[in-house]
Amino acid sequence: MQNQKRPRGFSTRAIHEGYDPQDYHGALNPPVFLTSTFAFDSVETGAARFAGTEPGYIYSRVGNPTATVLESRLAALEEGEAALASSSGMGAITAVIWTLLKAGDAIVADKTLYGCTFALLQHQLERFGIVTRFADLTRPEELRAALCPQTRLVFTETPSNPNMRVIDIEATADICRKAGVLLAVDNTYCTPYLQRPIALGADIVLHSATKYLGGHGDLLAGAIVARKELIDQFRFTGIKELNGACISAMDAFLILRGLKTLSLRMDRHCETALKLARDLEAHPAVESVFYPGLDSHPQKELAARQMRGFGGMIGMELKGGLPAGRAFMNAVELATLAVSLGDAETLVQHPASMTHATYTPEERAQHGFTDGLVRLSVGLEDYEDIHADLIQALGRVSG
Ligand SMILES: *Cc1c(COP(=O)(O)O)cnc(C)c1O
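Residues numbered from 1 in each chain as written. Predicted model: local features only at pLDDT ≥ 70, side-chain atom pairs only at ≥ 80, totals over all residues. Heavy atoms only, no water.

Caption draft 1: Seen up close, unusual backbone geometry. With an omega dihedral of -10 degrees, the bond running from Thr158 to Pro159 counts as a cis peptide bond. Relative to the elements of secondary structure, Pro159 occurs in the loop between β4 (151–157) and α7 (169–179). Between Asn161 and Pro162 the backbone carries a cis peptide bond, its omega angle lying at 10 degrees. Residue position: Pro162 is located in the loop between β4 and α7. (Helix = DSSP H or I, 4+ residues; strand = E, 2+ residues; numbered from the N terminus.)

Next up, the structure:
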């Protein structure tokens, strides 16, 4: 008991936080509460739960005990006050935006975003009277210039999907705080193991738990971490009334299972990706490699300061541009040609025609990534095998 005051480490929290087996017959793993609704012992209890004057579950769109374990765990890992799990990353992002903004409000977003987030901000929100200004958030002066009295939210990813630009969270949070604007960071690429935006001053952290948090490519889910007051709004307005994107208990359970190995998996993703990024950069068929751990990355120092490791995602441009990229992707044998990321399997995809086809060619050029860019999600297979596969595929491109 002497050590009780010492905060538990990341891996320990990822395995234990928010669950005590003694609460459930000693079951090592949390039960999966496959129930839509919860019985009240009296009309008065039901009314008190609805009024929020008595704790307890009502209906699984608003809360479920398996989801609660996951939410406590994610809040602890992200060092936030509270968390809310959702049915997908897009469910989390729309819950935040629809809760916080109304017609006439504005968003400032970094110029490179996950394709569906971009489509939401650029094409969909306009119909509801919400305008997004895109700016290069690697340049603080561009952020300051883009802010206006109507701005409610600044939205960024870092590293950005798919070209791995790195945004300084602390500097961005500073500008947002002075302007009285909330900062939301999509932390999908890093997970809390590599980067904790709230500790750096961000207000809201978003996740596609479909990716590294789940880690096994067998589910779709999302999460939001923020102050309790905000999470209550996202839960009772965003998910309950606006988008209904609640998580299923089974998916919450699977993410809890995935989280137990998150630190091990991330260490391995980072280690293999750094080696591969260096190999690819040295290959004669490769024009450039985008990976924050490379000396050639313009923000390597910032990435090293802000992230525990450089992550498992690599962007690559081949010398032969788009045709070469296509030939490469068709030539891989071990790697799988598929979108998504963060799985045990190495995945290869083509942003311009797949995840980022929501951008027009002009928008892609303007937002800083080329049609020739190939995106790799480095998996957990042996480095030697991934290396051999990528090199043989590159050989077939140039040969
Ligand atoms: C996949 C992804 C999303 C969307 O998440 P879904 O779970 O697919 O809805 C959002 N942001 C990033 C960075 C992603 O990679």
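Following the structure, the description resumes.
Caption draft 2: A look at the nonpolar core. Grouped together as the largest cluster of nonpolar side chains are 70 residues, with contacts concentrated most on Leu70, Ile255, Tyr291, Ile314 and Phe328. Taken domain by domain, this core gets at least three of its residues from each of domain 1 (10–259) and domain 2 (263–398). Leu113, Leu182, Ala184 and Ile204 belong to the second largest nonpolar core, which has 33 residues in total. (Core = buried A, V, L, I, M, F, W, Y, C linked by side-chain atoms within 4.5 Å. Buried < 20%, exposed > 50% of the residue type's maximum accessible area, 1.4 Å probe, protein only. Domains from an automatic or database assignment.)

Caption draft 3: Up close: α7. Those residues of α7 that sit buried are Ile169, Thr172, Ala173, Ile175 and Cys176. Along α7, the residues classed as buried sweep out an arc of 160 degrees about the axis, all on the same side. Pointing more than 90 degrees away from the buried face of α7 are the exposed residues Arg177 and Lys178. Put simply, Asp168 is the residue that caps the front of α7, since its side-chain oxygen is 3.2 Å from the backbone nitrogen of Glu170. In the segment just after α7, Gly180 is the residue with positive phi, at about 70 degrees. (Arc of directions from axis to C-beta. Polar contact = N/O pair within 3.5 Å; in protein donor to acceptor, adjacent residues only side chain to side chain.)

Caption draft 4: Representation of the packing of helix α4 (residues 89–100) against helix α5 (residues 115–124). At a minimum axis distance of 11 Å, the contact between α4 and α5 shows a crossing angle of 25 degrees. If you check the angle between α4 and α5, you find them roughly parallel. Judged by the sense of rotation from one axis to the other, the crossing of α4 with α5 is right-handed. Where α4 abuts α5, its residues Met90, Ile93, Thr94 and Ile97 lie against Cys116, Thr117, Leu120 and Leu121. Per-class residue counts for the contact of α4 with α5 are 6 nonpolar, 2 polar and no charged. (Axes fitted to C-alpha atoms, helices over the stretch in contact; angles between N-to-C directions. Parallel < 35°, antiparallel > 145°, perpendicular 65-115°, else oblique. Left-handed = near helix turned anticlockwise from the far one by under 90°. Contact = heavy atoms within 4.5 Å. Nonpolar A, V, L, I, M, F, W, Y, C, P; charged D, E, K, R; others polar.)

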